[in-house]
Amino acid sequence: MTDLDLPGITAGRRTRAARPPQQWADLDPAARVAAVTEAALPRFRADQISRRYYGHDEADPLAWSDLPAALRPQVAERWFPQLLTEVTTQACDAGDTVKAAWRLTGGAVVESVVMAYPERVTACVSSQAGCGIGCPFCATGQQGLTRNLSTAEIVEQVRRARVLVASGAFPGSPDHLTNIVFMGMGEPLANYRALVAALHRILDPVPAGFDMSARNITVSTVGLVPRMHDLAGEGMPVTLALSLHAPDDDLRDTLVPVNHRWPVADVLAAADSYAERTGRRYSIEYALIRDVNDQRWRADALGRLLAGRLAHVNLIPLNPTPGSRWTAATPRAQDEFVSGVREQGVTVTVRDTRGREIDGACGQLAAVVEA
Ligand code: SAH
Ligand code: SF4
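Residues numbered from 1 in each chain as written. Chains lettered and ligands numbered in written order. Predicted model: local features only at pLDDT ≥ 70, side-chain atom pairs only at ≥ 80, totals over all residues. Heavy atoms only, no water.

### Here we look at the site of ligand 1
Lining the immediate environment of ligand 1, one finds 19 residues, of which Phe137, Ser220, Ser243, His245 and Asn319 sit closest. Contact between ligand 1 and Ser220: an oxygen atom at 2.7 Å from a side-chain N or O atom of the residue. Ser243 places a side-chain nitrogen or oxygen 2.6 Å from an oxygen atom of ligand 1. For the shell around ligand 1, the residue count by class is eight nonpolar, nine polar and two charged. Looking at the shell around ligand 1, you find at least three residues from each of domain 2 (83-214 + 356-371) and domain 3 (222-351). (Near = heavy atom within 4 Å. Polar contact = N/O pair within 3.5 Å; in protein donor to acceptor, adjacent residues only side chain to side chain. Nonpolar A, V, L, I, M, F, W, Y, C, P; charged D, E, K, R; others polar. Domains from an automatic or database assignment.)

### A few points about the domain arrangement of the chain
With domains assigned, the chain is organised as domain 1 (24-79), domain 2 (83-214 + 356-371) and domain 3 (222-351). Each of domain 1 and domain 3 was reduced to a C-alpha centroid, and the two centroids are 43 Å apart.

### Details of the nonpolar core
For soluble globular proteins, the rule of thumb is that nonpolar side chains tend to be buried together. Membership of the largest hydrophobic core comes to 111 residues, with the highest contact counts inside it found for Trp24, Trp79, Phe182 and Leu231. Here this core takes eight residues from helix 7 (residues 192-203), the largest share from any one element. Aside from chain neighbours lying at most four places away, what touches Trp24 is Arg32, Val36, Ala46, Ile49, Ser50, Tyr53, Tyr54, Trp79 and Phe80. Met115, Tyr117, Cys124 and Met183 belong to the second largest nonpolar core, which has seven residues in total. (Core = buried A, V, L, I, M, F, W, Y, C linked by side-chain atoms within 4.5 Å. Buried < 20%, exposed > 50% of the residue type's maximum accessible area, 1.4 Å probe, protein only. Helix = DSSP H or I, 4+ residues; strand = E, 2+ residues; numbered from the N terminus. Contact = heavy atoms within 4.5 Å.)

### Some words on the packing of helix 7 against helix 8 (residues 225-232)
Viewed as axis vectors pointing N to C, helix 7 and helix 8 meet at an angle of 25 degrees, and their least axial separation amounts to 12 Å. Taken together, the axis directions place helix 7 and helix 8 in an arrangement best described as roughly parallel. Taken as a pair, helix 7 and helix 8 cross one another with a handedness that is right-handed. Residues Tyr192, Val196 and Leu199 of helix 7 form the contact with helix 8, whose participating residues are Arg227, Asp230 and Leu231. Among the residues forming the contact of helix 7 with helix 8, the class breakdown is four nonpolar, no polar and two charged. (Axes fitted to C-alpha atoms, helices over the stretch in contact; angles between N-to-C directions. Parallel < 35°, antiparallel > 145°, perpendicular 65-115°, else oblique. Left-handed = near helix turned anticlockwise from the far one by under 90°.)

### What about unusual backbone geometry?
The residue after Val206, namely Pro207, is reached through a cis peptide bond having omega 10 degrees. With respect to the element layout, Pro207 can be found in the loop between helix 7 and strand 8 (217-221). One non-glycine residue, Ala40, adopts positive backbone phi at about 65 degrees. Along the chain, Ala40 turns up in the loop between helix 2 (29-38) and helix 3 (44-56). Notably, Asp93 is not glycine yet its phi reads approximately 55 degrees, a positive angle. By the secondary structure assignment, Asp93 is in the loop between strand 1 (85-92) and strand 2 (97-103).

### Some thoughts on the side chain of Ser50
Here Ser50 lies in helix 3. On the basis of relative accessible area, Ser50 is assigned to the buried category, the value being 0%. Of the polar contacts made by the side chain of Ser50, one reaches the backbone oxygen of Ala46; its length is 2.9 Å. Aside from chain neighbours lying at most four places away, what touches Ser50 is Trp24, Arg32, Gly55 and Pro207.

### Details of the packing of helix 2 against helix 3
Where helix 2 contacts helix 3, the two axes come as close as 9 Å, and the packing angle between them is 120 degrees. As far as their axial angle goes, helix 3 and helix 2 are oblique. Regarding helix 2 and helix 3, the two cross each other, and that crossing is right-handed. For the pair helix 2 and helix 3, the contacting residues are Arg32, Val33 and Val36 in the first and Arg45, Ala46, Ile49, Ser50 and Tyr54 in the second. The class makeup of the residues in the contact of helix 2 with helix 3 is five nonpolar, one polar and two charged.

### Here we look at the site of ligand 2
The immediate surroundings of ligand 2 are formed by Cys131, Ile133, Gly134, Cys135, Cys138, Gly141, Gly186 and Val222. Here the shell around ligand 2 is built from residues that sort into five nonpolar, three polar and no charged.

### Considerations on the sheet that holds strand 4 (residues 121-124)
Read across the open sheet, the 10 strands follow the order 1-2-3-4-7-8-9-10-11-12; overall the sheet is mixed. The strands lining the two open edges of the sheet, one partner per strand, are strand 1 and strand 12 (348-350). Shown here is a sheet whose adjacent strand axes are inclined to one another by a mean of 20 degrees, direction ignored. Bridge analysis of strand 2 against strand 3 (residues 109-116) gives seven bridges, and the strand direction is antiparallel. The residue of strand 3 that forms the bridge with Ala101 is Glu111. The sheet contacts of helix 12 (residues 331-342) involve strand 10 (282-288), strand 11 (311-317) and strand 12, and relative to strand 12 the element is tilted by about 160 degrees. (Pairing = 2+ DSSP bridges.)

Next comes the structure, spelled out in structure tokens:
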């Protein structure tokens, strides 16, 4: 796999941003066996440690009574450095939305959000510190890219969310984490290797991974076409969300700058191919911005564009970001937009705006935490 030679997207790998130490979740099953063998431990320790981590969501070997006491500090030091240091945790929506800010190695701060509903509990996780794509309506996009997250930094966000849910934090909801969306900070497909490895840890059965269901995992992308094709070939039928935001290239060029490279027709063709190869319907994300992309004629155009495709439209009322002149469409324009798309036979939902008051909603994740 080659890097995408887009300025900004891969820049994080070239900067001197501090890299995190290796952690157990960075290792695939073969690497775990190799690691314990290299440490002069018997092979069975690899599964034993993995069962603690993936089967019980535990990451403190000092408390593992099935490891000899003398071995625990060695395992802790070697494979369980603390990757995420909690900076703040805030709740809203009567406790059903919880946003955590985590400090990473090197000082960058990323966020993840857990949202509880009667039938599911969803974690929204970050894949990069900042983002190099630069969509003008997105708070993360205004920061630029600091660096890619490591596999274990992504997996640790998931584990922390699992621990929170299992602690009984959400009484009216399932008692375990059911869904994950890669809709936090960053463009997941610009951190492809770490994303795919993290998906393996999330999906693989215990002890290799958390054994979550692929249909409940969503990867959201602006449409990095070569990586969409790669993802379709990974044999992990996760749900794809394509952030379109405009049916026409003129406007999408301004809202999603990589549209210059992969225009609307190309990203839709790649999404269709993803749907064909995985059998999964994809969703089209469309942030409705007043007087920018919320016109009825654009709804009609979007409906015509998607009619007959295996796609579903998810409208996101624009969440305000600091310093932006843009705001959400009026309720009337939103209703009109929904009708326009539906009239073409395309299904539409309007996303709830969970987490707005704690800046935990889409596009508001900018980690404005004092250093
Ligand atoms: N980089 C990926 C995933 C993270 S953003 C992507 O763009 O798809 C997750 C979703 O939030 C995307 O659909 C994005 O377009 C949307 N989003 C960004 N800023 C927003 C804002 N201010 N209001 C509403 N949605 C926003
Ligand atoms: Fe990056 Fe997604 Fe924000 Fe665009 S919307 S700047 S791709 S995080």
